[in-house]
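Per-entry structural report
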Amino acid sequence: MQYHVNGFNPGDPDVFPAAPNPWRSGDALPQTVDVLIAGSGPAGLCLAAQLAGVPQIRTMLVEPKLGPMEKGQADGISVRSMEMFQAFGFGEKVMREAVWINETTFWAAGAQGSLDRVARVQDVPDGISEMPHVLLNQARVHDMFLDIMRRAPSRLVPDHGLKVIDLAIDPAAAEYPVTVTLEHTAPGREGRTSTLRANYVIGCDGARSNVRRAIGGELHGDAAHQAWGVMDVLAVTDFPDWRMKSFVRSRDDGILMVLPREGGHLVRLYVELDALGEDERVAERGMGAQDIIAQAQRIFRPFSLDVKDVVWWSIYEIGHRLTDKFDDVPEAEVATRAPRVMLAGDACHTHSPKAGQGMNVSMGDTFNLGWKLISVLTGRADSALLHTYSGERRAAAKGLVEFDHKWARVVGGSAGEDMEFDPATAGLPVVARAFINNLPFTCGLTIQYEPGRLTGAATHQHLATGFDIGKRFHSAPVVRLADAKPMHLGHCIDADARFRLFIFAPAGDAGGAGGAVAALCDWLERDPASPRVRHTAPGEDPDAVIDTRAVFQQSFRDLDYAAMPSLLRPRVGRHGLCDYEKVFCADLKSGNDIFAMRGIDRTAGCVVVVRPDQYVGHILPLDARAALSGYFAGILRKRS
Ligand SMILES: Cc1cc2nc3c(=O)[nH]c(=O)nc-3n(C[C@H](O)[C@H](O)[C@H](O)COP(=O)(O)OP(=O)(O)OC[C@H]3O[C@@H](n4cnc5c(N)ncnc54)[C@H](O)[C@@H]3O)c2cc1C
């Protein structure tokens, strides 16, 4: 991280100076806001954490609960979410605190009443990401986002004790077209209502979303008519894989999943309970924690399970559901108006917890939306950009719901079909083979946005075959030239709504005059047609919108920082200090050469455009000036 740029600031560099003239003071509700976020689950908080960094955007987050969550709900954090956490700056903290899932085991009933381990597989395939798959209480993830919000220039905190009960949109109004009715939930104020007007309302208010209802959205899908119990326990057992993620299939009592949790002792169990009738609701069964424990003990036989403490439990029914659209604009009106109300997370898609996707996909929604809202609200992009949110994320959610359907069928296969050894599954039970096949999906790495406004065509994909256009930027090791620091290139992407241009140099190019890198940098820096010049507003830092970095093939010892183009040595802050963190080299010492690892054309080099949400927007030749300008002109306004 970079700080002390405008002078020495003592203390914690994660605490940003508060913005002068805060727009809110005291507890009084404002009459108007730019963005109203309904709900402080993972979706709402991930969005609020991004908006909190832009104090000129007046953001308010309402939450009916009276304080932050402490326990329960989701715990699975995919490698993709960990990459995103890295961009927020708390990836390392989560890595330290969470439990890492390295291996998954499969158990099945054997002869003479035994329960045997029948397969074990590596949980995260090698090389798929630099980040681990971890489990951590959802409440701690909330805390990480809340910390960011509190320390951001806007010092944003949720308004607890308030829920959205209705809203109305006036499409003709240019300013604050959404009128929102809020209801108080705090003791003494229950039932009282207030109204405010917003430019945008984002419904992150969970599966029973009032925001969804208000815009006429419905969840479509089906339920599996099967009750499941989930509980976080402290227990004593002789089951050997208590600290491994395990699937356990008993002979006659169904299945359970063991998920070790943070801290070395806590464990989560997902336990198959009763089948439900076609029209039966799980609550009607009146089951409780003791039913989950008793069923888990039956499934674990002959191993013992002595539960000492039930920290949290819930009984639920699996449903796979999706809304038609994630915003308020009907298809017929897309050309004439931009969205004002959008949905994210469980408000627009629900699935089974077995694949551990709920929290991840919900945060993925608002990581996609955050930079788009910031771009529109700061004048960098026109509001039509917001149409891309529903298009991109509904397709991603549809893929998830379909995957979840298939996975739930394999895991819940009747009479133990999931544990059968089919020759086609290479000596593994069906469920283990399906698990391996699904790993890229469960890691969160299969989302690939379609070519369109934000995703270029694959014409030049061959220039970097390891960076798939439309998929997330797959980081690789590099060495920073100025201080010889080995690091991951992807870790210079912060969650700050900026685009990144990574220039990969052709062989022999050392950045000097006459080379392809210098020619491109000079054009980017000065030419009126360059996206950097066109889309950066007067008074903004030169890399405020598009942050350009270069990666060279040589060792850091063979390059001279002073010989780099001036674009890669920008002067920043009130003292005009040099930014030394724009240039990187292949990590030749470790042998992890990014050019080889990501299939980058060594002769031609290339430019890789990375969107603010870490997805690869485009890959272009170093001299494709018009195509580069065209890509950005399709997204951002001309501001120079
Ligand atoms: C009881 C429960 C148990 C779960 N258990 C598991 C599990 O075991 N494993 C797993 O992987 N996933 C589980 N999930 C799912 C997982 O927690 C979600 O997929 C994930 O939290 C989705 O995040 P979200 O932000 O979209 O919604 P949520 O986390 O549901 O957050 C929605 C927020 O909106 C608030 N809210 C509700 N109504 C309003 C309103 N009208 N106005 C403003 N705010 C409102 C809620 O209080 C809540 O804080 C569970 C969810 C629930 C609700």
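Note on numbering: residues in each chain are counted from 1, in written sequence order. In keeping with the model being predicted, local features are shown solely for residues with a pLDDT of at least 70 and side-chain atom pairs are shown and tallied solely at 80 or more, while totals for entire chains, interfaces and linings include all residues.

Looking now at the pairing of strand β13 (residues 245-249). Burial is judged by counting other C-beta atoms within 10 Å of a residue's own C-beta: 20 or more means buried, 12 or fewer means exposed, and anything between counts as partly exposed, with every C-beta placed from the backbone. Put simply, DSSP H or I for four residues or longer makes a helix, DSSP E for two residues or longer makes a strand, and each gets a number counted from the N terminus. Judged by how many residues are buried, β13 sits mostly within the fold: 5 of 5 residues are covered. Alternating residues of β13 divide into Lys245, Phe247 and Arg249 and Ser246 and Val248, and every residue in both groups is buried. DSSP bridges decide pairing: two strands pair if at least two such bridges lie between them. When strand β5 (residues 103-109) meets β13, the two strands line up parallel, connected through 5 bridges. Each residue of the ladder has a partner; that of Thr105, found in β13, is Ser246. In this structure, β13 lies alongside strand β14 (residues 255-260), joined through 4 bridges in antiparallel fashion. In the sheet register, Arg249 faces β14, and the bridge partner there is Ile255. From the end of β13 to the start of β14, which pair antiparallel, there are 5 residues, and Gly254 there has a positive phi angle of about 90 degrees.

To continue, consider helix α4 (residues 138-151). With 14 residues, α4 extends 20 Å from end C-alpha to end C-alpha; this agrees with the ideal 20 Å at 1.5 Å per step. All of the buried residues in α4 are Val141, His142, Met144, Phe145, Leu146, Ile148 and Met149. On its buried face, α4 is in contact with α1 (42-51), α2 (79-88), α3 (91-97) and α7 (358-377). Here the expected span of a helix is defined as 1.5 Å times the quantity of residues minus one. Here, residue contact means that the backbone-derived C-beta atoms of the two residues sit within 7 Å.

Before going further, it helps to examine the sheet that holds strand β26 (residues 606-610). An order of β20-β19-β25-β22-β21-β26-β27 is seen for the 7 strands of this open sheet, with the pairing classed as mixed. A strand with exactly one partner marks an edge of an open sheet, and here the two such strands are β20 (485-488) and β27 (616-620). The mean inter-strand angle of the sheet, taken between neighbouring strand axes irrespective of direction, is 30 degrees. Examined bridge by bridge, strand β21 (residues 499-504) and β26 share 5 bridges and lie antiparallel to one another. Paired with Phe502 across the two strands is Val608, which belongs to β26. What counts as an axis is a line fitted to C-alpha atoms, over the stretch in contact for a helix, and the angles between N-to-C directions run from 0 to 180 degrees.

As a further point, take the packing of α2 against α7. Contact geometry for α2 and α7: axes closest at 10 Å, N-to-C directions at 45 degrees. One finds that α2 runs oblique with respect to α7. Between α2 and α7 lies a crossing whose hand is left-handed. The residues of α7 that touch α2, namely those facing Arg80, Ser81 and Met84, are Asn360, Met363 and Phe367. Should an angle fall under 35 degrees it is taken as roughly parallel, and over 145 as roughly antiparallel, whereas 65 to 115 is taken as roughly perpendicular and any remaining angle as oblique. Two helices that cross are described as forming a left-handed crossing if the nearer one is turned anticlockwise from the farther one by less than a right angle, and a right-handed crossing if clockwise.

This part is about the nonpolar core. The nonpolar side chains of a soluble globular protein tend to be buried, and buried together. In plain words, the nonpolar core is the set of buried Ala, Val, Leu, Ile, Met, Phe, Trp, Tyr and Cys residues that C-beta atoms within 7 Å link up. Counting residues in each nonpolar core, the largest one holds 181 residues, and the members touching the most others are Ala48, Val201 and Val608. In terms of residue count, α7 provides more of this core than any other element does, 10 residues in total.

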